[in-house]
Amino acid sequence: MIKSIKIFPFALLALLVSEGTRADTLPLSKINRKIESRIQTGNTKKNVQCLAFILKDFQDRKIPKSRILVTFDDPNIDGIGIGLDETDEIYTCEAGELRSWEENDYQVAKTF
């Protein structure tokens, strides 16, 4: 019993740390003003411009917001991830670049 009491705080701390470093991925249709503000303030101006650019492209292609997935607060991406559900169409906005990903390699599609 004493051993489990000593371990519990460490397990709780590990859970809190792992939850804090997890990326958030939401459909665009679920992003509210509070989350939008968090994305904008947590990224560079160029990365936010990049996000607006790719979202405009998706809008022009008449892709529903519910199919567009946005990843933010990802410790592995210094920017924003954007993709379409059920496809391999994946982009990131990093370092002021729109990057198109395929098989763990990217091409710079546009710079901002």
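This text follows the structure it describes.
Residues numbered from 1 in each chain as written. Predicted model: local features only at pLDDT ≥ 70, side-chain atom pairs only at ≥ 80, totals over all residues. Heavy atoms only, no water.

A. Quick look at the state of the cysteines. Evaluation of the coordinates by the stated rule reveals 1 disulfide. What pairs with C50 in a disulfide is C93, and their sulfur atoms sit 2.2 Å apart. Disulfide C50 to C93: torsion about the S-S bond roughly -75 degrees, handedness left-handed. You can see C50 sitting in helix α3 (residues 45-60) and its partner C93 sitting in strand β4 (residues 90-94), a full 43 residues away along the chain. (Disulfide = S-S within 2.5 Å. Helix = DSSP H or I, 4+ residues; strand = E, 2+ residues; numbered from the N terminus.)

B. Looking closely at the packing of aromatic side chains. Per the counting criterion, the structure on display carries 3 aromatic pairs. When the centroid spacing of 5.7 Å and the interplanar angle of 65 degrees are considered together, the rings of F53 and F112 count as edge-to-face. One end of the pair, F53, is in helix α3; the other, F112, is in the segment after β6 (105-111), and 59 residues separate them in sequence. The class for F112 is partly exposed, based on a relative accessible area of 23%. Lying across the ring of F53, K110 places its NZ or CZ 5.2 Å from the centre. Here K110 stacks its cationic end above the ring of F112, 5.5 Å away from the centre of that ring. (Phe/Tyr/Trp six-rings, centres within 6.5 Å; stacked < 30°, edge-to-face > 60°. Buried < 20%, exposed > 50% of the residue type's maximum accessible area, 1.4 Å probe, protein only. Lys NZ or Arg CZ within 6 Å of the ring centre and 35° of its normal.)

C. The arrangement of the sheet that holds β6 in detail. A sheet is described by the order of its strands in space; here 6 strands give the open sequence β1-β2-β3-β4-β5-β6, paired in antiparallel fashion. The two strands at the open ends of the sheet, each matched to only one other strand, are β1 (24-27) and β6. Neighbour to neighbour, the strand axes of the sheet diverge by 25 degrees on average, direction disregarded. Across the face of the sheet, helix α2 (residues 33-41) comes into contact with β1, β2 (68-72) and β3 (79-84) while running at roughly 55 degrees to β2. (Pairing = 2+ DSSP bridges. Axes fitted to C-alpha atoms, helices over the stretch in contact; angles between N-to-C directions. Contact = heavy atoms within 4.5 Å.)

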